[in-house]
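Okay, here's what each chain looks like letter by letter:
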Amino acid sequence: MAGAITAHLSEEASVRPKHINESGFVRFVLIGIALLFLTLMVVLPLVTVFYEGLKKGWDVYVAALTDSDAKSALKLTLIVSLIAIPLNTVFGIMAAWAITKFKFRGRNFLITLIDLPFAVSPVISGLIYVLLFGAQGFLGPWLDEHGIQIVFALPGIVLATIFVTFPFVARELIPLMDAQGVQEEEAAVSLGAKGFKLFWHVTLPNIKWGLLYGIILCNARAMGEFGAVSVISGHIRGETNTLPLHIEILYNEYQFSASFAVASLLVMLALITLVAKKLIEWRGSKWQSK
Amino acid sequence: MAKRSTLKWFSIILAVSLVLTACGSKDKEDKASTDKSTSTGSTTTEQTTDTEKKEPLKPVELLNVSYDPTRELYEAYNKAFAAHWKQETGQEVTIKQSHGGSGKQSLAVIDGLKADVVTLALGYDIDAIQNKGLINQGWQSKFESNSSPYTSTIVFLVRKGNPKGIKDWDDLVKDGVEVITPNPKTSGGARWNYLAAWGYALKHNNNDETKAQEFVQKLYKNVPVLDSGARGSTTTFVERGIGDVLLAWENEAFLSINELGPDKFEIVYPSLSILAEPPVAVVDKVADSRGTREVSEAYLKYLYSEEGQRIAAQNYYRPRLQSVADEFKDQFKSLELLTIDKDFGGWQEAQKKHFADNGIFDKIYVPGK
Amino acid sequence: MKGSAIRRVLPGFGLSLGYTIFYLSVIVLIPLSGVFIKTAGMGWSDFWHTIWNTRVIAAYKISFLTALSAAGINAVFGLLIAWVLVRYKFPGKSIVDSLVDLPFALPTAVAGIALTTIYAQNGLIGSKLEPLGIKVAFTPLGITIALVFIGLPFVVRTVQPILQDLEKDTEEAAVMLGAHRWRTFSRIILPEIAPALLTGFALAFARGIGEYGSVVFISGNMPLRTEITPLLIMTKLEQFDYAGATAIALVMLVFSFIALLIINVLQSRISKRTTSA
């Protein structure tokens, strides 16, 4: 992820003169290995999810998805994503602007700190908010006095989700804006462009595809987060269960088919997201070639 | 031209996201300031018609924080209690459920999960809440029978026809027998399993503790998968087909036979087991601050009523009430049962001796074996 | 220093940096500092005893080794997948490209359950491997597979853009000098993509060490054999031992931070190289 500038699969790279390409046989074998690996590691689990979900028939599948607990879990998941993503997007843009358009001491250190949530165990990311806001935590007694509930309620789940998806947008934008330099903005400033207008008219058009890609990855991860949210949610049925937690509950109730059915819903949400990403890339490359 | 339209499109997205951010933070405040606003919101509208006729009692909501295997029990019981309470007082009551590992649930309550009542796997976990001042001293004598309205015991679940011929605890330590049980450090149910085995070993070795330790060590050497919770172990045994015998709560064993295949498994009763008493308690501090003490106490008390006991028995928990016990006496085989207080000196002591860090259970797992 | 003077021409430095640091502090730094404060509450000997005993060391080892081998497998196959995606044409290529991101999006618990279903003794693949004496689920091998799944996109997505931007000229030159295809790869291409590959490797590794959701289902959680470090944190929490849990969390946190610092040093090397070229 880090440093992944949206990779457009341009035709250019795959059209190569013969002498700097492998023989047909080698190519065939390499593609074969790559596809086999992906099938075993990614496609098979995916197919399993749908297979197990539909094993007991279509009715069970539909019933699992229309169950009221499933619906409220879906709603909660969407609400959490809708709060977490814009916040992280604004942060990502701000951070990328500061880091790439200016030179200052401790820049690398700052980038490392932004990266940190990538590498922190999800268990810890949930735990830290319990330590801070829980009834036994540092701010717990004060919050309790004022009747503010953070852990085991929506705000806690949102915080944990924000933490887990924290670096995605910033990390997508930083290399992109770094590569683009500051010339265009400086030229615009010398022509009298100011403040937000400068960003809006000069920078944004250049980074929008990278930004959208970051948002999409952020969204996918936000909807799927399990570990951190599990620590902080309190597991109240129909109230603080997100979709991934609902899946675990169904699984623990021996409703394996229903659990995989709900899981397939999340997979579909993820697939829609990824298809959207593909469309964006495709539009982006079409637009670039014009 | 494409540039202009995409830009417009993009600005819309950004504007929407900014609005959402604003809504989001407002939503957070709303949610936070009034603890129960959103959840009761939906129920109030339905119920105004009912409450108008009689005294204007507001609908009330309870949160019951429980452990894993009680899902089915409380799903049925909550309906029954809501009907009973309505009839008695005219008040609507909705009960929310939270399930998970017993220790984890207890920790969540300590950390601020606003539970009105807790119904956990062992007294130790409720003691932990009491130690933080959320539950008053002496909770265990507040309701009848040690505040445990129903009991259970530990039995063996084996594959149909019992191919390994497992009859009693000493069959579990034989070579080539695979035993499935969860980790006692993370699962309340697993602690009962462990203590039952320990009790059996003590009895058959003239109370020699070193022999007993050897016995449980051998037993846990036969465990190929140590899941973190009781339900995880059942899944491993039933769905993954691993192991020859599952040590399970009696109610879990019945449930897995019913839900997952009567023709695949059978229950074996060992010669000796342990009386598992899953206790219940009102979380005093929460109930008082939310004004739900009366209904919370009634909720737990009704578990002892004939209807409550029957629901427990229907969900394979052993009832306390004699009349209901007689009714279901074919379902529950009677066997010799150890008790935690008499045979192990209570939970605090058992926990310290066996399950705390560097306790006997930790000594079972020594490197190089 | 002349450069910075020019750069400050642009507006918004104070605002953007200020906001960045504010948000970073509120969401990440202050909450994380709780781990330090909580751990500081326990004495030195307690702390040392908690983070350094046989059970915990075994867990470190398992987490470290499985994450390392998973990252290694991902480095090899991730590079291969990136290579195939960038350089070759084949039907369904864009679908394959989308699939790579899937592990990011699939909830880890679902991944864990699905993988366990496949690789358990009675699963689709597990049942084929069982007669060969290979057990996957509930062994370190199972943990490794879960971590391969989790870490795959990291390698592919870091290597892909670098491979894409690789100049043809150097390869041309190598061929003209008579270099063999494999030689061109190992001497010209590999050094060029090595930093990115290492970055991807390190990210997959760092992620693997902390992974919990998918691993608990497939690992079997046997002390000393398949018990991972994040599970130990959970175990401590179940025993109401917050200080112990945060002590282990602290060790993992420091480790992650070091891993990330190494990544960023590597990255600044990459960017230096590209700017000097």
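All values reported here derive from a predicted model rather than from experimental measurement.

Engineer: An account of the UniProt feature "transmembrane region" (unreviewed entry) in chain A is requested, with residue identities and associated values reported.
Structural biologist: Residues and elements named next belong to chain A. The residues that UniProt annotates with the feature "transmembrane region" (unreviewed entry) are residues 25-51, 76-97, 109-135, 147-170 and 256-276. Each end of residues 25-51 is marked by a C-alpha atom, and these two atoms are 35 Å apart; helix forms 100% of the span and strand 0%. Each end of residues 256-276 is marked by a C-alpha atom, and these two atoms are 30 Å apart; helix forms 100% of the span and strand 0%.

Engineer: Explain the packing of aromatic side chains to me, and be specific about the residues and the numbers.
Structural biologist: Applying the stated criterion across every chain, the model contains 49 aromatic pairs over all chains. Each ring, one from Trp58 of chain A and one from Tyr61 of chain A, has its centre 5.4 Å from the other, and the planes form 20°; the classification is stacked. With Trp58 of chain A and Tyr61 of chain A both in helix H3 (residues 58-66), this residue pair falls three residues apart, about one helical turn. With centroids separated by 5.7 Å and ring planes inclined at 40°, the aromatic side chains of Phe237 of chain B and Phe265 of chain B adopt a geometry described as tilted. With a gap of 28 residues between them, Phe237 of chain B in helix H9 (residues 230-238) and Phe265 of chain B in strand E7 (residues 265-268) connect regions that are remote in the sequence. For Phe237 of chain B, a relative accessible area of 0% puts it in the buried group. Here the aromatic residues Tyr74, Tyr77, Phe81, Trp85, Tyr299 and Tyr302 of chain B are joined through ring pairs into a cluster of three or more.

Engineer: Would you mind going over empty space enclosed by the protein in detail, with residue names and values included?
Structural biologist: Taken as a whole and assessed by the stated rule, the structure comprises 13 cavities of 30 Å³ or more. Considering only enclosed or pocket space, the largest cavity measures out at about 700 Å³ in volume. Considering the residues around the largest cavity, the lining is formed by 40 residues, among which Glu248 and Asn252 of chain A together with Asp68, Ser228 and Gly229 of chain B are closest to the centre. Elements with a minimum of two residues in the lining of the largest cavity: helix H13 (243-252) of chain A, strand E2 (93-100), helix H4 (102-110), helix H7 (188-204) and H9 of chain B together with helix H12 (213-219) and helix H13 (229-238) of chain C. Looking at the lining of the largest cavity element by element, the count peaks at five residues for H9 of chain B. When grouped by side-chain class, the residues that make up the lining of the largest cavity number 14 nonpolar, 18 polar and eight charged.

Engineer: Lay out the interface of chain A and chain C in plain terms, naming residues and giving numbers.
Structural biologist: Between chain A and chain C, the residue contacts involve 107 residues of the former and 102 residues of the latter. Taking both sides of the interface into account, the surface hidden between chain A and chain C amounts to around 9700 Å²; carbon and sulfur atoms contribute 76%. Across the contact surface, chain A and chain C share five residue pairs in polar contact (both at pLDDT 80 or more). Among the elements that take part in the side of chain A that touches chain C, helix H2 (residues 24-54) of chain A stands out by supplying 18 residues, more than any other. Residues belonging to the side of chain A that touches chain C are distributed by class as follows: 76 nonpolar, 14 polar and 17 charged.

Engineer: Describe the packing of helix H6 (residues 122-133) of chain A against helix H2 (residues 13-40) of chain C, naming the residues involved and giving the relevant values.
Structural biologist: It is at 9 Å that the axes of H6 of chain A and H2 of chain C come closest, and there the two elements cross at 80°. As the angle between them shows, H6 of chain A and H2 of chain C are arranged roughly perpendicular. Where H6 of chain A abuts H2 of chain C, its residues Ile124, Ile128, Tyr129, Leu131 and Leu132 of chain A lie against Ile27, Ile30, Pro31, Leu32, Gly34, Val35 and Lys38 of chain C. When grouped by side-chain class, the residues that make up the contact of H6 of chain A with H2 of chain C number ten nonpolar, one polar and one charged.

Engineer: So what's going on with the packing of helix H10 (residues 168-176) of chain C against helix H11 (residues 181-210) of chain C? Residues and values would help.
Structural biologist: All names here are of chain C. Viewed as axis vectors pointing N to C, H10 and H11 meet at an angle of 135°, and their least axial separation amounts to 10 Å. One element, H10, and the other, H11, form an angle in the oblique class. H10 and H11 meet at a crossing whose hand is right-handed. Where H10 approaches H11, its residues Thr170, Glu171 and Ala174 are matched on the opposing element by Arg181, Thr184, Ile188 and Ile189. The class makeup of the residues in the contact of H10 with H11 is three nonpolar, two polar and two charged.

Reading the values: rules and limits
- Residues numbered from 1 in each chain as written.
- Chains lettered and ligands numbered in written order.
- Predicted model: local features only at pLDDT ≥ 70, side-chain atom pairs only at ≥ 80, totals over all residues.
- Heavy atoms only, no water.
- UniProt positions renumbered as here; feature names shortened; annotations may be inferred.
- Helix = DSSP H or I, 4+ residues; strand = E, 2+ residues; numbered from the N terminus.
- Phe/Tyr/Trp six-rings, centres within 6.5 Å; stacked < 30°, edge-to-face > 60°.
- Buried < 20%, exposed > 50% of the residue type's maximum accessible area, 1.4 Å probe, protein only.
- 1 Å grid on protein atoms, 1.4 Å probe; cavity = no way out; pocket = protein on both sides within 12 Å on 5 of 7 lines; lining within 4 Å.
- Points joined across faces, edges and corners; volume = space filled by probe spheres on them.
- Nonpolar A, V, L, I, M, F, W, Y, C, P; charged D, E, K, R; others polar.
- Contact = heavy atoms within 4.5 Å.
- Buried area = accessible area lost by both parts, 1.4 Å probe.
- Polar contact = N/O pair within 3.5 Å; in protein donor to acceptor, adjacent residues only side chain to side chain.
- Axes fitted to C-alpha atoms, helices over the stretch in contact; angles between N-to-C directions.
- Parallel < 35°, antiparallel > 145°, perpendicular 65-115°, else oblique.
- Left-handed = near helix turned anticlockwise from the far one by under 90°.

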